[in-house]
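# Fold and geometry: a report
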Amino acid sequence: KSSNWSSGITVSGGGISNAVIRRNHVWENWGQGINTYESDHSIIEDNIVHDSYAPNIYLHDATNILCQRNLIYTNPNSQVFPYADHVGIMVGDERDTPASNITIINNISFGNNRNFGLFKGNHTIFNILIANNTFVNGIESGNVVIKGYHQNVIFENNLVQQDGSLPLI
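Everything in this summary refers to the structure shown in the same document. Quick caveat, the model's predicted, so the values are computed rather than measured. What you see as residue numbers is a count from 1 along each chain, following the sequence as written. Under the rules for a predicted model, residues below a pLDDT of 70 receive no local features and side-chain atom pairs below 80 are neither given nor counted, while totals for whole chains, interfaces and linings still include all residues. Excluding hydrogens and water, the side-chain values take into account all heavy atoms of the structure.

## Focus on the pairing of strand E11 (residues 100-105)
We apply this condition: Strands pair, by our definition, only if DSSP identifies at least two bridges between them. Runs of E in the DSSP output that reach at least two residues are strands. Runs of H or I that reach at least four are helices, and both are numbered from the N terminus.
Bridge count between strand E8 (residues 63-68) and E11: five bridges; the pairing is parallel. Across the sheet, residue Gln 68 finds its bridge partner in E11, namely Ile 105.

Here you go:
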């Protein structure tokens, strides 16, 4: 277990724009797998991301982001598993820039504690499209969790399956 918070791939800091994170295998990080803190116009696509301590893909305080065609999961045999939160894809707002204009399409997220999460922090999150994704079997607190007040969030055409007694959404 790491004593430092370390993400696999981070595109962060004001002024970072037009980054492309494509066709990577990112796993067992002691922070986020892929993190887009305060980036603008970034693309995250065609990656395999699993078993990170924090969200496998975390889109926070970011604007104009496209997250598509990623495979995100948790392996219970991972070295990180006993310690981690394991969110598949998470959109959040922690600092100064409100998360906005984010498109999350055609991803597969399964077996994470939560497969998708949208959480409000300091600002209202707005203009978020979550469409044509597959979310299967969250293992701790349900499959899809949306908390807080948001504006213009569209959740449509997703396949969502949850076996057992945990909440579907």
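From this point, the narrative continues.
## Focus on the packing of aromatic side chains
Rule in force here: We call Phe, Tyr and Trp rings a pair once their centres come within 6.5 Å, taking the six-membered ring for Trp, and we label the pair stacked below 30 degrees between planes, edge-to-face above 60, and tilted otherwise.
This structure, assessed with the given rule, holds four aromatic pairs. Feature note: the residues Phe 116, Phe 135 and Phe 155 constitute an aromatic cluster, connected by ring pairs.

## Considerations on unusual backbone geometry
Of note, Glu 38 is a non-glycine position whose phi angle comes to about 55°, a positive value. Considering the arrangement of structural elements, one finds Glu 38 in the loop between strand E4 (34-35) and strand E5 (43-45).

## Section: the nonpolar core
Going by this rule: Residues grouped as a nonpolar core are buried Ala, Val, Leu, Ile, Met, Phe, Trp, Tyr and Cys residues, joined through side-chain atoms within 4.5 Å. Exposure categories follow from relative accessible area, calculated using a 1.4 Å probe and restricted to protein chains: below 20% of the type maximum is buried, above 50% is exposed, and the middle band is partly exposed. Residues count as neighbours in contact if any of their non-hydrogen atoms are within 4.5 Å of one another.
With 25 residues, the main nonpolar core has Ile 57, Leu 59, Ile 89, Val 91, Ile 102, Ile 104 and Phe 116 as its most contacted residues. Of all the secondary structure elements, the ones that give two or more residues to this core are strand E7 (57-60), E8, strand E10 (87-92), E11, strand E13 (114-119) and strand E14 (125-131). At three residues, E14 tops the list of elements feeding residues into this core. Setting aside anything within four residues of it in sequence, one finds Leu 59 in contact with Thr 36, Ile 44, Ile 65, Cys 67, Ile 89, Met 90, Val 91, Gly 92, Ile 102 and Ile 104. Within the second largest apolar cluster, five residues are counted, among which are Tyr 58, Met 90, Phe 119 and Val 145.

## Looking at the pattern of salt bridges
A side chain with one charge can pair with a side chain of the opposite charge if their charged atoms come near. Condition: A side-chain nitrogen of Lys or Arg and a carboxyl oxygen of Asp or Glu constitute a salt bridge if their distance falls within 4 Å.
Evaluated as defined, the whole model comprises three salt bridges. Residue Arg 69 pairs with Glu 45 through a salt bridge whose shortest N-O separation is 3.3 Å. Of this pair, Arg 69 sits in the loop between E8 and strand E9 (71-73) while Glu 45 is found in strand E5, placing the two residues 24 residues apart along the sequence. One connected set of salt bridges, linked through shared partners, spans Arg 22, Glu 45, Asp 46 and Arg 69.

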